[in-house]
Each structure stands twice: as C-alpha cells, then as structure tokens.
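Results of the structural survey
Chain by chain, the residues run as shown.
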Amino acid sequence: MTDQFQLTDDQLAIQDMARKFTADRITPFAAEWDENGHYPVDVWKAAGELGFGAIYVAEESGGIGLGRLEAALIMEAMAYGCPATSAYVSIHNMATWMIDRFGGTEIKARLLPQLVSMEKIASYCLTEPGSGSDAAALKTTARKDGDHYVLNGTKQFISGAGYNDIYVCMVRTGEEKSRGISCLVVEKDMPGLSFGAPEKKLGWNASPTAQVIFEDCRVPVENLVGAEGDGFRFAMAGLDGGRLNIGACSLGGAQRCLDEAIVYCRDRQQFGQPIADFQNTQFMLADMATDLEASRALLYLAAAKVTANAPDKSRFSAMAKRLATDNGSKIVNDALQLFGGYGYLKDYPIERFWRDLRVHSILEGTNQVMRMIVGRDLLRQ
C-alpha cells in the first residue's frame with residue numbers, strides 16, 4: 001500500500017552514495033570554504049566521477065539519465081554539508097542538460113564529454129543588472145557577423161563567473177521580447193569576454209558570484225543551441241528542475257540544522273535539566289520536523305511530475321520551491337534560537353546555514369514570482 005510513497009531501492013542507493021560523498025568530501029571542509037571564500041573545484045571533479053555532473057543528461061550523451069527526484073535526492077544530500085556547493089552542482093547540471101536536450105549533434109559531441117565528467121564546469125547566464133524577475137527584458141545583444149555572433153552586454157549574479165570554462169548564455173538576437181532571445185554557449189577563452197570583481201555576499205561564499213561582461217565578444221555560430229528565437233523557451237524549461245533543486249538544497253540544510261538542534265538540546269543544561277526536557281523546546285522541534293516533512297513530500301511529488309512531464313508540473317514546482325525555501329529558512333532560524341547565543345557564533349554551523357539558505361527564496365524565481373505562477377495557473381483552469 002505504501003510503495004508509491006517510498007523511495008525505490010535504486011533511489012535509496014543513489015541517496016546513500018550522495019550522503020557518503022558529502023560526509024567524506026564536503027561536510028568536514030564546508031566551514032573553512034565559507035570562511036576563506038574557497039571554490040572547491042577538486043570536489044566537483046570527484047562528484048563528476050560519480051556522475052553528479054550529468055544527473056539528468058541522457059545516457060547516450062554520457063550522462064546517468066536519471067529523473068528529477070533522483071536529482072533532488074542528490075542535491076538534498078549534498079546540501080546537508082554545504083548548500084552553496086550543492087546549489088552549484090545544480091547550476092552545472094541545468095546548463096549541461098540544456099546543451100544535451102536542445103543542442104545539435106555537433107555541439108553536443110564537442111562540449112558534453114568534458115561537461116559530463118565535470119572536467120569543465122558550466123555557468124548559466126540569464127539575469128542582467130536590469131532584468132531579474134522580468135527575465136524576458138534582457139538586453140545583451142548578439143549580432144550576426146559572418147560565421148560569428150558579436151555579443152555586447154552584461155550578465156549579473158553569475159555563479160562561477162571567472163572560474164568556470166563554459167557559459168550558457170541567453171542573448172537577444174531579435175526585437176520581440178521573449179521570441180527574440182537565443183541560447184549561445186560562450187567559452188572562457190573567447191575574445192571580448194571578461195568578468196567583474198567577485199561580489200561580497202551574505203552567504204554562498206563557497207560559490208563565487210560576479211558579472212559576465214561581453215564587449216564585442218565573438219562567438220562562432222556553431223555555438224548556438226537550437227534555433228534563433230528558442231532561447232527563452234529553453235530558459236523556462238530549465239527552471240522547473242532548477243526550482244526543485246534549490247528547494248532540495250533548503251531541505252538538506254534544514255535537516256542538518258534540525259539534527260544539530262536535537263543533539264544540542266539534549267546536551268545543553270539550564271535550570272538543572274536538559275533544555276530538551278522543556279515542553280517549549282519539544283514543541284519547537286515538533287513544528288520544525290513537521291514543516292520539513294511536509295515540504296519534502298511536496299517537493300518529491302513535484303519532482304515526479306516534472307520527470308513524467310505532467311501538465312501541472314510547473315505549478316507544482318513553483319509550489320514546492322516556495323514552500324521548501326520558506327520553511328527551510330524558518331527551520332534554520334528556529335534552530336539558531338534553540339542554540340541561543342552559541343547559534344550566533346561561527347564555532348557552530350547554524351549561522352552558516354542561516355546565511356546560505358536566505359538566498360534560496362530569491363533565486364530560480366523569487367518566492368513572490370512562485371505565488372504569481374501558482375495563482376495564474378489556478379485561475380487559468
């Protein structure tokens with residue numbers, strides 16, 4: 001009776017592999033990466049060996065060809081150690097999937113082998129200084145000049161900018177708002193490509209963020225993904241999966257902080273007894289666990305819908321992203337409260353998760369935009 005609500009043996013094996021990798025390669029080092037702003041490229045390469053660089057890339061392209069639930073399980077497991085690292089793996093997967101799903105034979109053969117192995121790492125460039133939630137208003141232009149496109153413009157908040165090898169970019173090739181957008185792959189050594197200074201951020205310090213700047217940047221026409229004018233459709237198709245992944249990162253971070261809080265509350269003594277013995281503590285932990293399980297159940301359901309290409313997949317992805325990221329941040333905030341003054345110190349991991357998870361309700365579509373998507377979809381029926 002409960003089979004449909006259980007993970008399969010294969011899914012449990014994938015989850016276990018991701019948890020072991022995280023415990024070994026991420027969790028012990030995450031505080032240091034955060035402190036020093038270190039981008040753990042060597043850890044990516046190791047993740048690539050497990051297939052984590054191409055989770056839902058087709059097997060014929062060298063990927064592991066899994067569904068969106070399996071991807072969510074991997075992101076959730078890795079975020080238990082470091083949400084910034086896990087979220088970065090999600091971005092690389094989205095960019096690599098876009099080339100696999102929409103690219104022609106030549107570009108796939110040329111780029112995918114090194115992306116799948118994470119020998120090369122990809123960034124995804126949609127947002128600009130003047131277009132965040134209104135993504136279709138992007139202004140970066142790509143003008144055709146013989147067998148090249150000439151790019152001019154700036155991309156904002158790009159994870160991995162300046163470090164990564166491949167930039168999957170949404171650019172304007174035509175006048176129409178969304179139908180004038182195309183998808184081009186820009187490689188790091190192309191003339192006219194430069195990067196802004198690394199942004200100083202509240203969190204996500206293990207993942208560098210900077211502007212990507214195009215000044216008469218020449219990109220060969222064979223780096224076009226799909227046809228001219230198809231870019232916005234590709235961008236929107238990628239977002240359902242991105243929303244699930246960032247929601248899964250919040251689940252992993254919240255689970256870690258709940259687990260840490262339970263251990264701390266059993267240990268910490270006040271008024272002659274462990275604070276775990278106080279009913280207030282028990283009620284807080286009960287609410288944290290309940291909200292986490294509800295968020296996880298909705299996210300896993302949404303992931304199954306995206307894999308099955310269900311008609312309501314985008315509404316469910318938006319609902320799941322909104323709930324998981326809001327609840328994740330609230331759970332971490334409550335964990336910090338249970339830790340008291342110690343929760344505010346960098347000696348304990350809670351404050352790092354508090355900082356890292358805050359951005360999840362902004363990126364991959366703000367939680368206000370998520371409500372807009374859900375509301376419109378409900379009224380369209």
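Our subject in this report is the structure included herewith. (Residues numbered from 1 in each chain as written. Predicted model: local features only at pLDDT ≥ 70, side-chain atom pairs only at ≥ 80, totals over all residues. Heavy atoms only, no water.)

1. Some points on the overall build of the protein chain
To keep things clear, this is the line we draw: A helix here means a DSSP run of H or I that spans at least four residues, while a strand means a run of E at least two residues long, and both kinds are numbered starting from the N terminus. We compute the radius of gyration over the C-alpha atoms and compare it with the globule rule, which gives 2.2 Å times the number of residues raised to the power 0.38. Only protein chains enter the calculation, and the probe is 1.4 Å; a residue is then buried if its accessible area is under 20% of its type maximum, exposed if over 50%, and partly exposed in between. Residue contacts follow a heavy-atom distance rule, with two residues in contact if any of their heavy atoms lie within 4.5 Å. Surface exposure here means Shrake-Rupley accessible area, sampled with a 1.4 Å probe, where a residue is shielded only by the protein chains that are shown. When charges are counted, neither His nor the chain ends are considered; positive counts come from Lys and Arg and negative counts from Asp and Glu. Just so you know, the charge point we use is NZ for Lys, CZ for Arg, CG for Asp and CD for Glu.
Along the protein chain, the regular secondary structure elements total 11 helices and 10 strands. The C-alpha radius of gyration of the protein chain comes to 21 Å, within 12% of the 21 Å expected for a compact globule of 381 residues. Per-residue burial for the protein chain yields a buried fraction of 54% across its 381 residues. Considering only residue pairs separated by 6 or more positions, the protein chain has 73% of its internal contacts joining residues 24 or more positions apart. As displayed, the protein chain has an accessible area near 16900 Å², and 52% of this comes from carbon and sulfur atoms. Looking at the protein chain, you have 39 positive and 48 negative side-chain charges, and the mean spots of the two groups are 5 Å apart.

2. A closer look at the packing of helix α1 (residues 9–25) against helix α4 (residues 68–79)
Formally: What counts as an axis is a line fitted to C-alpha atoms, over the stretch in contact for a helix, and the angles between N-to-C directions run from 0 to 180 degrees. Angular relationships are summarised with four words: roughly parallel below 35 degrees, roughly antiparallel beyond 145, roughly perpendicular across 65 to 115, and oblique for the angles in between. Helix crossings are classified by the rotation of the near helix relative to the far one: an anticlockwise turn of less than a right angle makes the crossing left-handed, while a clockwise turn makes it right-handed. The classification used treats Ala, Val, Leu, Ile, Met, Phe, Trp, Tyr, Cys and Pro as nonpolar, Asp, Glu, Lys and Arg as charged, and all other residues, Gly among them, as polar.
The interhelical angle for the contact between α1 and α4, taken along N-to-C directions, is 25°, at an axis separation of 8 Å. Classed by the angle they form, the pair α1 and α4 counts as roughly parallel. Considering how the two elements wind past one another, α1 and α4 form a crossing that is right-handed. Of the residues in α4, those in contact with Gln11, Ile14, Gln15, Ala18, Arg19, Phe21 and Thr22 of α1 are Leu69, Glu70, Leu73, Ile74, Ala77 and Met78. Its residues assigned to classes, the contact of α1 with α4 shows 8 nonpolar, 3 polar and 2 charged.

3. Some points on α4
Which entries qualify depends on this criterion: To estimate the expected span of a helix, count its residues, drop one, and scale the result by 1.5 Å.
Over its 12 residues, α4 runs 16 Å from end to end, which matches the ideal 16 Å to within 8%, given 1.5 Å per residue. If you check which residues of α4 are buried, you get Arg68, Leu69, Glu70, Ala71, Ala72, Leu73, Ile74, Met75, Glu76, Ala77, Met78 and Ala79.

4. Some remarks on the environment of phenylalanine 21
Following the sequence through the fold, phenylalanine 21 ends up in helix α1. Separated by 202 residues in sequence, phenylalanine 21 and asparagine 223 place their C-alpha atoms 34 Å apart. In this structure, phenylalanine 21 is in contact with Ile26, Val43, Ala46, Ala47, Leu50 and Met78, ignoring residues within four places of it in sequence.

5. Observations regarding the packing of aromatic side chains
Just so we agree on the cut-off: Classification of ring pairs uses Phe, Tyr and Trp, with its six-membered ring standing for Trp, and accepts pairs whose centres are within 6.5 Å; under 30 degrees between planes counts as stacked, over 60 as edge-to-face, and the remaining range as tilted. Both a distance and an angle decide whether a charge sits over a ring: NZ of Lys or CZ of Arg must be within 6 Å of the ring centre and within 35 degrees of the ring normal.
Considering all chains together, one arrives at 15 aromatic pairs under this definition. Taking the centre distance of 4.0 Å and the plane angle of 10° together, the rings of phenylalanine 102 and phenylalanine 234 count as stacked. With phenylalanine 102 in helix α5 (residues 83–102) and phenylalanine 234 in helix α7 (residues 231–267), the pair connects residues that are 132 residues apart, well separated along the chain. Within the aromatic cluster, the residues linked to one another by ring pairs are Tyr39, Trp44, Tyr88 and Tyr163. In this arrangement the basic side chain of arginine 68 is found over the ring face of tyrosine 56, its NZ or CZ atom lying 3.6 Å from the centre. For the cation-ring pair, lysine 305 lies above phenylalanine 316, with the distance from its terminal atom to the ring centre recorded as 4.4 Å.

6. Concerning the environment of alanine 58
Checked against the element boundaries, alanine 58 lands in the loop between α3 (41–49) and α4. Sequence separation between alanine 58 and cysteine 125 is 67 residues, and the spatial gap between their C-alpha atoms is 23 Å. If sequence neighbours within four positions are ignored, alanine 58 has contacts with Gly63, Gly65 and Asp100.

7. Regarding the nonpolar core
In summary, soluble globular proteins display a tendency toward joint burial of nonpolar side chains. Which entries qualify depends on this criterion: Nine residue types can take part in a nonpolar core, namely buried Ala, Val, Leu, Ile, Met, Phe, Trp, Tyr and Cys, and a core is a set of them joined through side-chain atoms within 4.5 Å.
One finds Met98, Tyr124, Val168, Met170, Val185 and Leu299 to be the most contacted residues of the largest nonpolar core, which totals 96 residues. Apart from residues lying up to four places away in sequence, valine 185 is in contact with Ile99, Ile107, Leu111, Ile166, Tyr167, Val168, Val219, Asn223 and Val225.

8. Quick look at the environment of alanine 54
Secondary-structure assignment places alanine 54 in the loop between α3 and α4. Judged by relative accessible area, which is 1%, alanine 54 ranks as buried. Along the chain, alanine 54 and histidine 92 lie 38 residues apart, while their C-alpha atoms are 8.2 Å from each other. Leaving out residues up to four positions away in the same chain, alanine 54 has contacts with Gly63, Ile64, Gly65, Asn93 and Val116.

9. A closer look at the pairing of strand β2 (residues 141–145)
As a reminder of what qualifies: Two strands make a pair as long as DSSP finds a minimum of two bridges between them.
Note that β2 and strand β3 (residues 148–159) share 5 bridges and pair antiparallel. Bridging from a neighbouring strand, lysine 144 pairs with tyrosine 149 of β3. Hairpin connection, β2 to β3: the antiparallel pair is bridged by 2 residues, and glycine 146 has positive phi, about 65°.

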